[in-house]
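Secondary and tertiary structure notes
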Amino acid sequence: MGEIDPAFIQSIEQRPKLTVTDPGEIPVIDLSALDSGAVDLLVADIGKACEEWGFFQVINHGVPLEVVRRIEAAMKEFFDQSIDEKRKVKRDEAKAMGYHDSEHTKNVRDWKEVLDIAVEDPMVISASPDPQDQELTEYHNQWPEYPPEFRKIWKEYAGETEKLAVKLLELISLSLGLAGDRLIEFFQGQTSLIRLNRYPPCPWPELALGVGRHKDPGALTVLFQDGVGGLEVKRKADGEWVGVKPIPNAYIINVGDVIQVWSNDKYESVEHRVVANSEKERFSIPFFFFPAHHVNVKPLEELTNTENPPKFEEYNWGKFMATRNRSDFKKQAVENIQIHHFRVSEQ
Ligand SMILES: O=C(O)CCC(=O)C(=O)O
Ligand SMILES: [Fe+2]
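The structure reproduced in this document is the subject of the present report. (Residues numbered from 1 in each chain as written. Chains lettered and ligands numbered in written order. Predicted model: local features only at pLDDT ≥ 70, side-chain atom pairs only at ≥ 80, totals over all residues.)

Time to look at the site of ligand 1. Around ligand 1 lies a shell formed by Arg-195, Asn-197, Val-211, Asp-216, Leu-223, Gln-225, Leu-231, His-272, Val-274, Ser-284 and Pro-286. Listing elements by their share of the shell around ligand 1, those giving two or more residues are β9 (193-199), β11 (220-225), β15 (272-275) and β16 (282-289). For the shell around ligand 1, the residue count by class is 5 nonpolar, 4 polar and 2 charged. (Near = placed C-beta within 6 Å. Helix = DSSP H or I, 4+ residues; strand = E, 2+ residues; numbered from the N terminus. Nonpolar A, V, L, I, M, F, W, Y, C, P; charged D, E, K, R; others polar.)

In structure tokens, the structure reads:
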């Protein structure tokens, strides 16, 4: 078996307890209520889940199962290739989309490999983190040659999950007391991406993590996972890590930092991580619903007033992501940029 590369070893405090607490507690929301007309109740349930958990699962979500089965099969075929084949679409500092197998979360290497593909090709994004620099750059997708139908299958999947993300964004807007279409304008020219994740079996699940603890930076994450399990969420009520029980064909939804800021902390972006598995490989597919680069993220005016003043200074999404991306390739001496850096200090 050899020895573990120290780059993967989590600090003692971050190592997982391999016994999962209270699986199955994350709220499950049935979107078929949209068809039966019980929208008010649905909106109330979503609002409650966002406030209490920041996470929920959805069933009867409208993404056709055959579309999911096709992307699952295609991603397996892609990842089953040799490392040399996969590296033909390798991500690097010039090409931000593509295959990557040494991502770090909080400076510790994740036990996974990924293929990132932007929803809008090209993705238009700030060229540098420098606030004075107005220059933009384009990220182009790198399409694997194998399996041959990959691009078509991916596009079909992306179209369906984007529809689900938009539907959820509307429901979340309504749950905040806003018009259903209040937030969609921020996604004209979206920087969303779909990440295909493979977590190989790991001989050291007590030392390494599939993904280290983190919060998602965007508005929403719409994640499909297979039946293996491993995703854990930090429960708001007591800070315990709880497992998200795989429900066949459900999606897992979580609120990201952007919604936390828009809602002025009403909905918090919650920490989560992925525990490694010593026997089974695991696949998951997050759709990261990200705004356009020019969006300045700040608490929405309708949700703030003199009693509830804005808790964050505004920040530019493109610059925020350019700062994040710069730090993706190397270990950093300093903490990654986070929304708490924009928090207004309390008097
Ligand atoms: O694979 C998962 O279940 C979650 C992955 C995740 O949290 C992420 O990529 O941001
Ligand atoms: Fe995440």
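Let's pick the thread back up.
Inspection of the sheet shows strand β12 (residues 231-234) paired to β15 by 3 bridges, in the antiparallel sense. Its bridge partner being in β15, Val-233 is matched across the sheet by His-272. Note: β12 against strand β13 (residues 241-243), 3 bridges, orientation antiparallel. In the sheet register, Lys-234 faces β13, and the bridge partner there is Trp-241. (Pairing = 2+ DSSP bridges.)

Time to look at the nonpolar core. Ranked by internal contacts, the top residues of the largest apolar core, which has 87 residues, are Leu-168, Leu-220, Val-222 and Tyr-251. Of the residues forming this core, the biggest block, 10 residues, is contributed by helix α5 (residues 150-175). In this structure Leu-220 touches Ala-165, Leu-168, Leu-169, Ile-253, Val-255, Gly-256, Ile-259 and Phe-289, once residues within four positions along its chain are discounted. (Core = buried A, V, L, I, M, F, W, Y, C linked by C-beta atoms within 7 Å. Buried ≥ 20, exposed ≤ 12 C-beta atoms within 10 Å, placed from the backbone. Contact = placed C-beta atoms within 7 Å.)

What follows deals with the sheet that holds strand β6 (residues 113-118). With respect to topology, 8 strands assemble into an open sheet ordered β1-β2-β14-β11-β16-β9-β6-β3, the strand pairing being mixed. With partners counted over all chains shown, the strands left at the sheet margins are β1 (28-30) and β3 (98-100), one partner each. Each adjacent strand pair in this sheet contributes to an overall mean axis angle of 25°, direction not counted. In this structure, β11 lies alongside β16, joined through 6 bridges in antiparallel fashion. Residue Gln-225 lies in a different strand from β16, and its bridge partner there is Ser-284. (Axes fitted to C-alpha atoms, helices over the stretch in contact; angles between N-to-C directions.)

Attention shifts here to the environment of Ile-172. Note on placement: Ile-172 falls in helix α5. On the basis of neighbour count, Ile-172 is assigned to the buried category, with 26 C-beta atoms found within 10 Å. As for Ile-172 and Tyr-267, which are separated by 95 residues in sequence, their C-alpha atoms are 9.8 Å apart. Excluding residues that lie within four positions of it along the chain, Ile-172 makes contacts with Ile-46, Cys-50 and Ile-259.

Remember, this is a structural readout, not a statement about activity or role.
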